[in-house]
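# Summary of structural features
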Protein chains: 2
Amino acid sequence: MVSALRLPSLHLTNLFSSSPCISRRSSAILRRHHRLRPPPTLTAGFSAQSAASSPPETDDKVVEIEKNRASQDRGNRERVITPRSQDFNAWYLDVISNAELADYGPVRGTMVIRPYGYAIWEAIQDYLNVKFKETGHSNMYFPQFIPYSFIEKEASHVEGFSPELALVTIGGGKELEEKLVVRPTSETIVNHMFTQWIHSYRDLPLLVNQWANVTRWEMRTKPFVRTLEFLWQEGHTAHATPEEAEKEAMQMIDIYTKFAYEHTAIPVIAGRKSKVETFAGASRTYTIEAMMGDKRALQAGTSHNLGQNFSLAFGTQFTDENGQRQHVWQTSWAISTRFVGGIIMTHGDDTGLMLPPRIAPIQVVIVPIWKKADEKTGVLSAALSAKEVLQKSGIRVKLDDSDQRTPGWKFNFWEMKGIPLRIEIGPRDVSSGSVVISRRDVPGKQGKVFGISMEPSILEAYVKDKLDEIQSALLERATSFRDSNIVDVSSYEELKEAISMGKWARGPWSASDADELKVKEETGATIRCFPFEQPQGNKTCFMTGNPAQEVALFAKSY
Amino acid sequence: MVSALRLPSLHLTNLFSSSPCISRRSSAILRRHHRLRPPPTLTAGFSAQSAASSPPETDDKVVEIEKNRASQDRGNRERVITPRSQDFNAWYLDVISNAELADYGPVRGTMVIRPYGYAIWEAIQDYLNVKFKETGHSNMYFPQFIPYSFIEKEASHVEGFSPELALVTIGGGKELEEKLVVRPTSETIVNHMFTQWIHSYRDLPLLVNQWANVTRWEMRTKPFVRTLEFLWQEGHTAHATPEEAEKEAMQMIDIYTKFAYEHTAIPVIAGRKSKVETFAGASRTYTIEAMMGDKRALQAGTSHNLGQNFSLAFGTQFTDENGQRQHVWQTSWAISTRFVGGIIMTHGDDTGLMLPPRIAPIQVVIVPIWKKADEKTGVLSAALSAKEVLQKSGIRVKLDDSDQRTPGWKFNFWEMKGIPLRIEIGPRDVSSGSVVISRRDVPGKQGKVFGISMEPSILEAYVKDKLDEIQSALLERATSFRDSNIVDVSSYEELKEAISMGKWARGPWSASDADELKVKEETGATIRCFPFEQPQGNKTCFMTGNPAQEVALFAKSY
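The shown structure was predicted, so the numbers you read here are calculated from the model rather than taken from an experiment. (Residues numbered from 1 in each chain as written. Chains lettered and ligands numbered in written order. Predicted model: local features only at pLDDT ≥ 70, side-chain atom pairs only at ≥ 80, totals over all residues. Heavy atoms only, no water.)

### What to know about the pairing of strand β9 (residues 269-272) of chain B
Residues and elements named next belong to chain B. Heads up, the condition is: A pair of strands is considered paired only if DSSP assigns at least 2 bridges between the two. Only DSSP runs of H or I covering at least 4 residues are called helices, and only runs of E covering at least 2 are called strands; the numbering of each starts at the N terminus.
Here 4 bridges tie β9 to strand β10 (residues 284-291), and the two strands are oriented antiparallel to one another. Looking at β10, one finds that I269 is bridged to E289. The sheet contact formed by β9 and strand β22 (residues 526-531) spans 2 bridges and is antiparallel. Bridged to G271 within β22 is P531.

### Quick notes on the relation of the copies chain B and chain A
Rules: Here the copies are superposed with least squares, the fitted atoms being C-alpha atoms of residues at a pLDDT of at least 70 in both. By the convention used here, residues are in contact when the closest approach between their heavy atoms is within 4.5 Å.
Of the transformation superimposing chain B on chain A, the axial component is 0.0 Å and the angular component is 180 degrees, with the fit at an RMSD of 0.0 Å. Look at the turn and shift together and you get a two-fold axis relating the two. Of every C-alpha in chain B, the one belonging to B:V168 sits nearest the axis of rotation, 2.1 Å from it. Counting the interface residues of chain B, we find that 99% of their copies in chain A are interface residues as well, pointing to one common contact surface.

### Some details on the domain arrangement of chain A
The line we're drawing: Where each domain begins and ends is defined by an automated method or by a domain database.
Split into domains, chain A comes out as domain 1 (90-145 + 191-347), domain 2 (364-465) and domain 3 (486-556). Each of domain 2 of chain A and domain 3 of chain A was reduced to a C-alpha centroid, and the two centroids are 49 Å apart.

### Brief notes about the interface of chain B and chain A
Quick note on the threshold: We define buried area as the total accessible area lost by two parts upon association, computed with a 1.4 Å probe and summed across both. Whenever Lys or Arg places a side-chain nitrogen within 4 Å of a carboxyl oxygen from Asp or Glu, that contact is recorded as a salt bridge. The definition of a polar contact used here is a pair of N or O atoms within 3.5 Å, where within protein one atom must be able to donate a hydrogen and the other to accept one, and adjacent residues in sequence count solely through side-chain atom pairs. Under the grouping applied here, Gly and all other residues not named as nonpolar or charged are polar, the nonpolar ones being Ala, Val, Leu, Ile, Met, Phe, Trp, Tyr, Cys and Pro and the charged ones Asp, Glu, Lys and Arg.
Each partner contributes residues to the interface: chain B has 72 residues there, and chain A has 71 residues. For the pair chain B and chain A, the two sides together bury roughly 5800 Å², of which 57% comes from carbon and sulfur. On the surface where chain B and chain A come into contact, there are 2 salt bridges. A salt bridge links B:K133 to A:E122; its shortest N-O distance comes to 3.2 Å. Where chain B meets chain A, there are 23 residue pairs in polar contact (both at pLDDT 80 or more). Across the side of chain B that touches chain A, the residue classes break down as 34 nonpolar, 20 polar and 18 charged. Sheet analysis places strand β5 (residues 166-171) of chain A next to strand β5 (residues 166-171) of chain B, joined by 5 bridges and oriented antiparallel. Of the residues in β5(B), the one forming a bridge with A:G171 is B:A166.

### Focus: the pattern of salt bridges
All names here are of chain A. Put simply, the test is: Partly exposed residues are those whose accessible area sits between 20% and 50% of the maximum for their type, while under 20% is buried and over 50% is exposed, using a 1.4 Å probe and protein chains only.
Within this structure, the stated rule accounts for 42 salt bridges over all chains. Taking the shortest distance from any N to any O, the salt bridge between K376 and D403 comes out at 3.6 Å. With K376 in helix α12 (residues 373-392) and D403 in the loop between β16 (397-399) and α13 (407-416), this pair connects stretches of sequence that are 27 residues apart. Judged by its relative accessible area of 24%, K376 is partly exposed. Residue E469 pairs with R439 through a salt bridge whose shortest N-O separation is 2.9 Å. Taken together, the positions of E469 in helix α15 (residues 456-483) and R439 in strand β18 (residues 434-439) put the pair 30 residues apart, joining distant regions of the chain.

The structure is reproduced here in structure tokens:
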């Protein structure tokens, strides 16, 4: 559910969309951004190793050599990440490729979500699913094929969506009488069904949600952020009064906001969209806007008060307590796989991905370290029992006990994958009954603590505590980054300056839609939202000099 | 993933597919099967009421009357189910409609899965998802649009699927250069991606799964059993050796079999498909076959050993330990929303749905009963604390405390919805500190037990015990139904007789594909499988008189 304007951003990369329609070479396109020199942190990672870095233990020399060669190859092929400061977009694509989050599909603009990327999506689903159910929503499933005539029923909806529809025209070998739309969103088919289920006020509120794929024929695409097909949840509700619908729309944007802050450590700014940016078919759109590492805004979730726009178009009515027929008041709200892109671009650094512990598929990786064969058993057994201790207490932990890679390689690999905590266990650690623990978010020696006791209750408490600390630290860091890049402006000149410096501009606004479009044309920035949190006091519109009710937040966006 | 033949069954109802392409009246079509007389159990339900049936408690007489009228209306409109014996198909559609499991979508052959039906699907997902991960599989997501040329690469695959493809020919307002297939299954796109991810033997086995929607342009459809679009999981794996692939295919059919028996109380027969019925593109297809209440067979899940069919077509290769390039060995396996239809048609009776406790979204419903206002508080508070006790111990429980319906209405409603256990609490029960518990699977007084103590530990233990008992009883009942309807045959005449009586026939078979097709033409029955469990001793093919290795199971199927 994107904004009503639906103009392709001018600033999206062409790389993803320029992949040929069908090509085995699609992943080569990702790779052409890889540099052959190791990124700074690759070295840092190796030097940060306190426990002995040692060659893998094997019996067979030939296999050994083969393995090392392969490891070398793979290292060179996979481990090079463009520095963020050099080219943020190339960095983003490198992280996605190297961390194996996603890959290009064979059809232009489509994306394969790989297991590690999908696990992040599953973590998002797990959290939201519980919240949706707690607030009385049921999951269900609507068909993805929508008769073309449905889309035409709501005037602004068809205007917003018709340019980017995928149409099925042939089914079972025959030309279809009516073209079918592959759903870009489901308000129309939902209303068609609601007319059959809603009879009286007793059938309200009707609160449903679906997890589904949707298709929008976007011209400029970017993995996770904007793809031809993406995954999302779309909530759809019907209410007896406008107040209830408004309350629901607000409740859902609140759930998204809490999720962003508490689970993904993304300090989104929640607010209302301008009329120009409101969803095609909504009366009011609420949004959460996140600042990415390149300071562009990402619309990370939206909640729409649809008013009676769809119920009037589809005749979705109920009999009220006085026996009168009334049109229902509706909402819809969505978060999509785009959110995964938001997590990558908020927290990632030159080493790669950095995942907030609460959303990380793996929170702790254990790397055992041994030099001699006789050390191996003791080290592995200690590593295994540490794993069991943590697993039992509900921590998502992985023991990387493969002997195809050196510990140093593993350190770097799992740092690149964004695992919040690493536990290192070497022979000396086994003797002293302790482990070494390194934080992903604090590089080098500063993030490393020696001699944490392996005693289960101590280890468990320490790890849990550290994970909480990292979660807070990531939110704090992102918040101060955000706040240091928002400029309060009181004139259009100041806005232009702020935007040209790549920052966000916040200022009082009561100007026209035309003025808003002018800002967009001249600066590339749009109103991201009127934040719910507003400064006190009288305000004067920085564009017109007229009184203003609210400040608006302007930024360039994805 | 259906059989290679993919002939539409001659015996499917026309009702679902005859719904007009786009029509608000689609649900009226479901309803026209409803009879106006109450089903026998509706009366039985009322008379079985031991605790006092009493009018709802309200303050407002007018609202009261309105509510009763509405309740009456709804009762008449929704609660009539065609007896199974009279018309099994009409019964099936009535149950789906009345229990609000699904509804027709606006496009012919599509289905809306309503919250209660979707909750059953979620229970299926929850169980299988854990099993898949335990056995090393990761979830991921492949795009649903597949270039048409991909489908053509594997000869038998294109033959099996091309007649029923939905094709996207227009995207973003423009005619596409290459038509896109809306996935009917993903082997082709999976292989396209596997070629990019698999390099050496160290990348194997590659074990992934996706939960997704798929589209097959079926001409004769039936809710859950066969719809244009359906939901499923599809597992896809690649292995270094044929033995590993075979082991994987067997492992997954075993997981499906255990799931069917232990969770859904469906005594499926697991076995191997005949060559004729093997999946389009597979070397071997394993299946679980379930006997529905009308004795038709339902293919409830399949697991395919794909051999090297797709890896040869797509060039999916790896470098083995000796440095040689080899094609991978693959499997795929799926269970779909069709399984929900299998649960309905295995356990349902003339009262409606009957759900096995382990798969039931609601396992226990609590119905409070009061006559006078001063009884209400005590009854409701006892009901609430019973609910909390059960909820705390992990039982899925619903308290139906609405005062818009009589207890009798509620009894019938929840019986129709298939809730395994009902707890009734009236004023006398409150005084005696006990409750009345009724089983869904044992109608009338026989299934009702009085005076179960409300003491938490006793109540919890009793309910858990009863739920286990019901789970076993349903499996036992279905198993004896199945076994009493399978006839061992030793001649084609015997087979014809068994099939004409609506039964399944089991007999030694080593005849030709042509003979198999002849049986189908002459009797309507197909080989459902060669069961894994085979009788001992020498066998003689009942068709040819030649020696036979195995017995085959023949039946008419959905």
